[in-house]
Amino acid sequence: MYQGPEKSPWGKVQTCDMLCPGVFLVSTASHGGTMVSKEVSAFLSPAAKKCGFKRGGYLCFEEDTQESVVLRELLDKKLWQIPERIRDKAAFEENINQSLKQYNPDYWRARQSGLEAAQAARREAPARQTQR
């Protein structure tokens, strides 16, 4: 259904790995990043969308500083798992989080606020049910 891109903002695609349908990790001769198809980008949070840039029907995230945004979103939404070849999955995930804190602090704050709000709502839900 989803075909990987042949061109990217970073040049002609040399390798393309599909992380999940519509999300591609691309490499070129000199650089790369993650390209999210327009249809799939609707699943990203508003804060994540602000970190990418549009090009050729994709929302693009540069590999050095923005790619972690997509990986975090996919992990949170359970659309992608850390590959088996990664032995220390906790360290890999912590590297993602550290990158976000350093390069995308606004995204990190928005994500954390959303998580806190969801936790508060879950705590309040049982209390509301017992009041009925």
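On a predicted model such as this, the values are computed, not experimentally measured, just so you know.

(A) Main features of the pairing of strand β5 (residues 32-37). The element β5 is largely enclosed, with a buried count of six among its six residues. Summarising the sheet, strand β4 (residues 23-27) and β5 pair through five bridges and their orientation is antiparallel. What sits directly across from L25, in β5, is T34. Between β4 and β5, which pair antiparallel in sequence order, lie four residues. Inspection of the sheet shows β5 paired to strand β7 (residues 58-62) by five bridges, in the antiparallel sense.

(B) The packing of helix α3 (residues 67-76) against helix α4 (residues 89-103), seen in detail. Look at α3 against α4: their axes get within 9 Å of each other, and the N-to-C directions meet at 125 degrees. Classified by the interaxial angle, the pair formed by α3 and α4 is oblique. When the axes of α3 and α4 are compared, the crossing they make is left-handed. Residues S68, V69, L71, R72 and L75 of α3 pack against E93, I96, N97, S99 and L100 of α4. Its residues assigned to classes, the contact of α3 with α4 comprises five nonpolar, three polar and two charged.

(C) Spotlight on the nonpolar core. Residues V23, V36, F61, V69, L74, W80 and Y107 are the most contacted members of the largest nonpolar core, which totals 23 residues. Elements with a contribution of two residues or more to this core: β3 (15-20), α2 (46-49), β7, α3, α4 and α5 (105-131). With five residues, α3 is the largest single contributor of residues to this core. Apart from the residues within four sequence positions on either side, V36 is in contact with G22, V23, S41, L44, G57, Y58, L59, F61 and V70. Judged by nonpolar contacts, the second largest core, of seven residues, contains F24, V26, Y58 and C60.

Reading guide: rules and limits
Residues numbered from 1 in each chain as written. Predicted model: local features only at pLDDT ≥ 70, side-chain atom pairs only at ≥ 80, totals over all residues. Heavy atoms only, no water. Buried < 20%, exposed > 50% of the residue type's maximum accessible area, 1.4 Å probe, protein only. Helix = DSSP H or I, 4+ residues; strand = E, 2+ residues; numbered from the N terminus. Pairing = 2+ DSSP bridges. Axes fitted to C-alpha atoms, helices over the stretch in contact; angles between N-to-C directions. Parallel < 35°, antiparallel > 145°, perpendicular 65-115°, else oblique. Left-handed = near helix turned anticlockwise from the far one by under 90°. Contact = heavy atoms within 4.5 Å. Nonpolar A, V, L, I, M, F, W, Y, C, P; charged D, E, K, R; others polar. Core = buried A, V, L, I, M, F, W, Y, C linked by side-chain atoms within 4.5 Å.

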